[in-house]
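Notes for the structure review
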Amino acid sequence: MNKFTHRRAVISGIMICIFAVYIIRLFYLQVMDDSYKMSAINNSQRVEVQYPARGLIFDRNNTLLVYNQAAYDLMIIPRQMQAFDTTELTSILGITKESLVKSLERCKRYSRYKASSLVSQITDNKYAMLQEKLYKYPGFFIQTRTLRKYNISHSADVFGYIGEVSSAQIERDSSYAPGDYIGVNGLEKSYEQVLKGTKGKKILLVDNYNRTKGSLKDGAYDEPAVVGGNLTTTLDIRLQEYAYHLMQNKKGGVIAIEPATGEILLKVSSPGFDPQWLVGLERGTNYAKLQQNPNLPLFDRTVMATYPPGSIFKTIMGLIGLQEGVITPASKFECYGGASFNGRFMSCHNHPSPLDLRGAIQHSCNPYFVNVFRRILENSRYKGVRDAYDPWRDQVMSFGLGQQICPDFLNELPGSIPTREHYDREFKTQNWYYTYVMSLAIGQGALLMTPLQMANIVSCIANRGYYITPHIVRPMDQEHAARIKKHPVNIKSSYFECIIDGMENAVKAGTGRNAASDSVVICGKTGTIQNPHGEDHSAFFAFAPRENPQIAILVYVENGEWGSSYAAPIAGLLIEQYLTGTVPERKNALEKRMLEANLID
Amino acid sequence: MNRRSDLLTNLDWLSIGMYTLLVLLGWLNIYAAVFDDTHSKIWDVTQQYGKQMLWIGTGIVLAGVILLTDSKFFTAFSFVIYGLTIGTLVAVLLFGIRVNGQVGWFELGGVRVQPAEFAKFATALAIANVMSRHGFKMMRFSSLLQVGLLLAIPAGLILLQPDTGSALVYGSFLLVMYREGLHGSILLLCCITIALFIFTLLYSPLAVFGIIIGGALLAFLYYRQNKQELYRILIFLVFCFVFGMFLRWLLKLPVSDNRLLLYAYLLTNIVGVFFVYRRKMKQILLVILASWLCIGATITVDYVFEKLQPHQQDRINNLLGIETDLTGAGYNVHQSKIAIGSGGFLGKGFLEGTQTKFNFVPEQSTDFIFCTVGEEWGFVGSTVVILLFMAFILRMIQLAERQRSDFSRIYGYAVACILFFHVAINIGMTIGVAPVIGIPLPFFSYGGSSLWAFTILIFIFLRLDANRLQVFS
């Protein structure tokens, strides 16, 4: 014993105190605080997203149009990265060192802990080379996903394309993550929910270099990806392709509808582009090129361009006149190269005079329809022109004008049928006369409609009084089927025959002779639309055969001069191709002329 | 009496039992920490756990040899052993190989030996020898110098490697010295120094000076028991400080606020000492002296801190929460806390840990082996391990106290204190309450040198203890 024995208690006390503090600290770390458990999961588990294959797209005859190919994204987790051989990596990937450094910076900015895509859409053979070398690059891994591949080299306006989701889209729909693809346009966009499928996940155990060490509980928590639904379009791809060729080097749109069903048989916006251009690494540069093209290939002329319809609108004028009882099929008006209305002259071209309604449609007489319009607007049933205008407008709109009619294209524009208030403002008075608006009678002026709407008009005529919601995708379920309805117009069906007579004659011996066919009866109407910026636009719509019509078509060619010069022959070729499966020899020269015509340069 | 049976009956089997338990737990945890499906046999000697098994086996042989050695050998040869160890510490600096930037290892036939580990028991023997000499008085200057020198030589040599962690271990002898008569105020002073060190790095010098002066004023009040006096002094101090600021502004002197406060305090000291009554004058002077020592220490800390190696600065900073770069210097401790924290109450189960096995935790089989315990055995397992260590250390102290010979007692305390320092610092750093200075957890951390050194350290004491009855003090 010595005198310092009591100090044993002090020393033991210090030790016990410190160990007690440690045990309390451990209790806090391990039992009280859950944040470390979360961090551990983030550390050691990598949730690998299983990307579903996007749905396929077929044409009406089950020809595969759009499918998928495997693509590889090089992903990095910046925190796990170590110094690596940049020269080797850039040479495998075929990119410059500068762009690699830039991408790295971008990834680091996004997150140091989360994976982000360093280089996306790597090709198969680059992937194979990279896979072998990847062990040298800690923090790098490859994510497989699917890209679009096309069996066709046109009609990007129909299918649209896919691109990376924006942060705003991710905020709206949490099923997307940065780097995911989403439909940007066309069917890819409007049917995104059907096509995208459901992502699955695989939970992998990883070490500090993100090397896979097996799956969590042998995959008990994994979820397989669900493949996206397929789309069957109503397109006839052979017809589509033929139309695409006929329209090359021309600006405009072609739409064909099967009148009985509302199915869109073909839809061509010209100039178009190959959808494959917007897939893969070159996507960015191609997109820029398309954007800078003065002919606006990214602009879908079939549903986004709104044009005055021109003379094809006369069919509607005639029908409304008959329905309102202001004319009969036998009503005649005089026209000698034009006619004067209260001092305003409406010019016309040479044709026999006077004409009845059938003849006026056949020869596309301008003054005739101004007279019809005058009778509609000055109808004694109404207090005045302004009051008579509204019922007329309602009639016009019942043909599906001034509104979106196709649920399959989200970018579709409604066009416009001017309201009477529009004219009140324009003329600065409510007392306006029919002469103020008489250009409407011949489809000019403030009247604007899309090629789709014009095609729908002729489909209506073919059906003698109604149209079925035009659509390009066969409904896959009740919900989609419910969107397709029958829309009757406010015209008695018997009035149509006389208009159809006029259209038949127009093709046989009138303005639409260039569309005529020996084998089928085509009923059509030309339109020549005054264009203050250049050559007039050429329009033609038609349906065939006259009885039990199979196809209603509209061809609109910008700067095509006369309706008869381009639109009518192209429509004629397409109708014959569709109905007979071939183009008669007689038309070979015409076909060649159409194919070679260049209205762009 | 048969010498062999005498040894067996006098040996402290409780300690040996705890030692064995700790070593076996350590081995299992090394196995868990670096477990790999392709080498699932725990005796696979290509893996760390297989090698550790070999170390354990040879360690047992070593323990046996020590127990069979006459205990007088250790007292008689303590200086020889110490001298030899110092020799190897010098030799390792000259001929050793460099690992992780430290020249601390000899490589002998593919086996690495770390002399610093063995220097601990040698120093303990030498210290015990010096301090147990007849007529040794701890508080004598020559005694302090002797002991200080015995500690400073190995610590300094190890610091040259540089292995700060192993050098700091010699600080644990302070507790041994306290037990043998070192004045309590010196222990207190050391504690205050450590506290000041932390405060200085955490807070601005002005705040630290404020705390020191506040403490001095409180001590003054305690001795004088006169509030009026305290107020007067306080008013004088504030007046001096404000007047100083006024002068600085008037004369555009380049003096910092810190300096100004110190000048004001100095003036207050002088005036105070002249004008207060002589009652308790000795204590007042002591308080003043202590406060100035603290101030001096604070200023030195900044200076010393600059002198530390960058990674040590980082680790200290990180411990004190000054830098929070979780990917850089703080990564180790952060990952270590995640591993331990994710263990929960009961742990993930043997071999089920993901954080340690998949290498998120650095040095998971050596310095950060406690992470495996925390992750796989949870709060319950970690507590059991800590309690086991504590029981073992307290048992060492208990054994030390029952020694008749001063040498054995002092050596026993050295064993307890060295073990305590290792356990406290190692576990403390894994749970983020002690600086990361990289010393092994006894019996748990992978490594032959460490295991052998602790085995020798402990078994020499157990040998001495077995012989306690033959010694007459």
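Residues numbered from 1 in each chain as written. Chains lettered and ligands numbered in written order. Predicted model: local features only at pLDDT ≥ 70, side-chain atom pairs only at ≥ 80, totals over all residues. Heavy atoms only, no water.

**Topic: the overall build of chain B**
Definition in use: Numbering goes from the N terminus for both helices and strands, where a helix is a DSSP run of H or I of at least four residues and a strand is a run of E of at least two. Categorising residues by exposure relies on relative accessible area from a 1.4 Å probe, with only protein chains included: less than 20% of the type maximum marks a residue as buried, more than 50% marks it as exposed, and the intermediate range marks it as partly exposed. Contacts are assigned to residue pairs with any non-hydrogen atoms lying within 4.5 Å of each other. Here, Shrake-Rupley sampling with a 1.4 Å probe gives the accessible areas, and only protein chains in the shown set may cover a residue.
A count of helical and extended segments in chain B gives 19 helices and three strands. The buried share of chain B, taken over its 473 residues, is 53%. Pairs at least 24 apart in sequence give 70% of the contacts found in chain B among residues at least 6 apart. Counting every atom, chain B has about 21600 Å² of accessible surface; 69% of that belongs to carbon and sulfur.

**Some words on the overall build of chain A**
Each helix and strand counted, chain A has 21 helices and 19 strands in total. Looking at the 601 residues of chain A, the share that counts as buried comes to 54%. Total accessible area on chain A stands at roughly 25800 Å², and carbon and sulfur atoms take up 51% of it.

**As for the packing of helix α12 (residues 314–324) of chain A against helix α15 (residues 385–397) of chain A**
Residues and elements named next belong to chain A. This is how it is decided: Whenever a helix is involved, its axis is fitted only over the stretch in contact; in every case the axis is a line through C-alpha atoms, and angles between N-to-C directions fall within 0 to 180 degrees. Convention used here: angles under 35 degrees read as roughly parallel, angles over 145 as roughly antiparallel, angles from 65 to 115 as roughly perpendicular, and any remaining angle as oblique. Each crossing gets its hand from how the near helix is turned against the far one by less than a right angle, where anticlockwise is left-handed and clockwise is right-handed.
Interaxial distance between α12 and α15 falls to 11 Å at its minimum, and their mutual angle equals 125 degrees. Here α15 runs oblique to α12, going by the angle between their axes. Seen from above, α12 lies across α15 with right-handed handedness. Counting all contacts with α12, which are made through I316, M317, I320, Q323 and E324, the residues of α15 involved are W392, Q395 and V396.

**Points about the interface of chain B and chain A**
Counted only if it meets this: We define buried area as the total accessible area lost by two parts upon association, computed with a 1.4 Å probe and summed across both. A carboxyl oxygen of Asp or Glu within 4 Å of a side-chain nitrogen of Lys or Arg is what we treat as a salt bridge. The residue classification treats Ala, Val, Leu, Ile, Met, Phe, Trp, Tyr, Cys and Pro as nonpolar and Asp, Glu, Lys and Arg as charged. All others, Gly included, are polar.
Contacts between the two partners involve 53 residues from chain B, matched on the other side by 36 residues from chain A. Summed over both partners, the interface of chain B with chain A buries about 3900 Å², with 71% contributed by carbon and sulfur atoms. Where chain B packs against chain A, one counts zero salt bridges. Elements that contribute at least two residues to the side of chain B that touches chain A include exactly α9 (173–179), α10 (184–202), α16 (331–341), α17 (370–401) and α18 (406–430) of chain B. The greatest single-element share of the side of chain B that touches chain A, amounting to 14 residues, is contributed by α17(B). The residue makeup of the side of chain B that touches chain A, split by class, is 30 nonpolar, 17 polar and six charged.

**As for helix α19 (residues 448–466) of chain B**
The following threshold applies: The span one expects for a helix is its residue count, reduced by one, times 1.5 Å.
With 19 residues, α19(B) should reach 27 Å at 1.5 Å per residue; the first-to-last C-alpha distance of 26 Å fits that figure. Of all the 19 residues making up α19(B), 18 are buried; the element is thus mostly covered by neighbouring parts of the structure.

**A look at the sheet that holds strand β12 (residues 263–270) of chain A**
Residues and elements named next belong to chain A. Applied cut-off: One requirement defines pairing of two strands: DSSP has to find at least two bridges between them.
Read across the sheet, five strands follow the order β12-β11-β19-β18-β17 without closing on themselves; strand pairing throughout is antiparallel. Each of the sheet's edge strands pairs with one partner strand only, and the pair in question is β12 and β17 (523–529). Averaged over all pairs of adjacent strands, the angle between their axes in this sheet comes to 5 degrees, without regard to strand direction. The pairing of strand β18 (residues 537–544) with strand β19 (residues 551–557) spans seven bridges and is classified as antiparallel. Note that in β19 the partner of S538 across the bridge is V557. Lying over the sheet, helix α19 (residues 496–509) contacts β17 and β18, oriented at roughly 75 degrees with respect to β17.

**Section: the nonpolar core**
What counts here: By convention a nonpolar core is built from buried Ala, Val, Leu, Ile, Met, Phe, Trp, Tyr and Cys residues, the set being connected through side-chain atoms within 4.5 Å.
Among the nonpolar cores identified, the biggest contains 124 residues, and Y411(B) and F443(B) are the most heavily contacted of them. The dominant element in this core, judged by the number of residues it contributes, is α18(B), at 17 residues. Filtering out sequence-adjacent residues up to four positions away, Y411(B) remains in contact with F121(B), A124(B), L125(B), A128(B), I456(B), L457(B), I460(B), F461(B) and L464(B). I162(A), I316(A), I405(A) and V458(A) belong to the second largest nonpolar core, which has 98 residues in total.

**Concerning the side chain of E376(B)**
Secondary-structure assignment places E376(B) in helix α17. E376(B) gets classed as buried once you look at its relative accessible area, which sits at 0%.

**Description of the sheet that holds strand β3 (residues 111–113) of chain B**
Residues and elements named next belong to chain B. Overall, antiparallel pairing links the three strands, which are arranged β1-β2-β3 in an open sheet. If you trace the sheet from one side to the other, it starts and ends with β1 (97–99) and β3, each paired once. Averaged over all pairs of adjacent strands, the angle between their axes in this sheet comes to 50 degrees, without regard to strand direction. Examined bridge by bridge, β1 and strand β2 (residues 102–108) share three bridges and lie antiparallel to one another. Counterpart to I97 in the pairing with β2 is W105.

**Some details on the pairing of strand β3 (residues 64–76) of chain A**
For a regular strand, side-chain orientation follows a simple rule: the groups alternate between the two sheet faces. Residues and elements named next belong to chain A. Sheet topology note: the strand β2 (residues 57–58)/β3 ladder contains two bridges and is antiparallel. Across the sheet, I57 pairs through a bridge with V66, a residue of β3. If you look at the hairpin formed by β2 and β3, you'll find five residues sitting between the two strands, and N62 has a positive phi there, around 60 degrees. By the bridge criterion, 11 bridges tie β3 to strand β5 (residues 140–150) in an arrangement that is antiparallel. When the sheet's bridge partners are listed, V66 is paired in β5 with Y150.

**Some points on the packing of α18(B) against α19(B)**
All names here are of chain B. Closest axis-to-axis distance for the α18/α19 pair is 10 Å, and the angle between their directions is 150 degrees. Taken together, α18 and α19 sit at an angle that is classed as roughly antiparallel. For α18 against α19, the interelement crossing comes out left-handed. Two secondary-structure elements touch here, α18 through F407, S408, Y411, G412, V415, I418, L419 and H422 and α19 through F454, I456, L457, I458, I460, F461 and L464. Split into classes, the residues belonging to the contact of α18 with α19 amount to 12 nonpolar, three polar and no charged.

**Thoughts on the pattern of salt bridges**
One side chain can pair with another of opposite charge once the charged atoms of both are near each other. All names here are of chain A. The tally for this structure, following the rule as stated, stands at 42 salt bridges over all chains. One salt bridge in this structure joins R148 and E188, with 2.8 Å as the shortest N-O distance. With R148 in strand β5 and E188 in helix α8 (residues 186–190), this pair connects stretches of sequence that are 40 residues apart. Assessed through its relative accessible area of 0%, R148 is described here as buried. For R586, the salt bridge goes to D518, with nearest N and O atoms at 2.9 Å. Of the two residues, R586 sits in the loop between α20 (563–580) and α21 (588–596) while D518 sits in the loop between α19 and β17, which places them 68 residues apart along the sequence. Grouping residues by exposure puts R586 and D518 together as exposed. Each of R358, R464, E497, D501, E504, K508, R546 and E547 takes part in a single network of salt bridges with overlapping partners.

**Some details on α15(A)**
Working note: α-helix, 3.6 residues per turn, so residues spaced by three or four point in the same direction. Residue and element names in this part refer to chain A. What counts is decided by this rule: Our arc is simply the arc of the directions from the helix axis toward the C-beta atoms.
Look at α15: 18 Å from first C-alpha to last across 13 residues, which is about the 18 Å you get at 1.5 Å a residue. Three or more residues of α15 are buried, namely V385, R386, A388, Y389, W392, R393, Q395 and V396. Seen from one end, α15 has its buried residues packed into an arc of 155 degrees, which puts them on one side. Buried-residue contacts for α15 involve α12, α14 (366–377) and α16 (420–427).

**Focus: the pairing of β18(A)**
Residues and elements named next belong to chain A. Of all eight residues in β18, eight are buried; the element is thus mostly enclosed. Along β18, one buried face is formed by H537, A539, F541 and F543 and the opposite face, lined by S538, F540, A542 and A544, is buried too. With seven bridges connecting them, β17 and β18 associate as antiparallel partners. Within β18, the residue paired with T528 across the bridge is S538. Hairpin remark: β18 followed by β19, antiparallel, with six residues in the connecting loop; positive phi at N548, about 50 degrees.

**Some details on the confidence of the model for chain B**
Note the threshold: One number per residue, pLDDT, summarises how confident the predictor is, and it ranges from 0 to 100.
Of all residues in chain B, 92% attain a pLDDT of 70 or more, and the chain-wide mean is 85. Across residues 321–327 of chain B, where pLDDT falls below 50, the model places 14 contacts with residues more than four positions away in sequence or in other chains.

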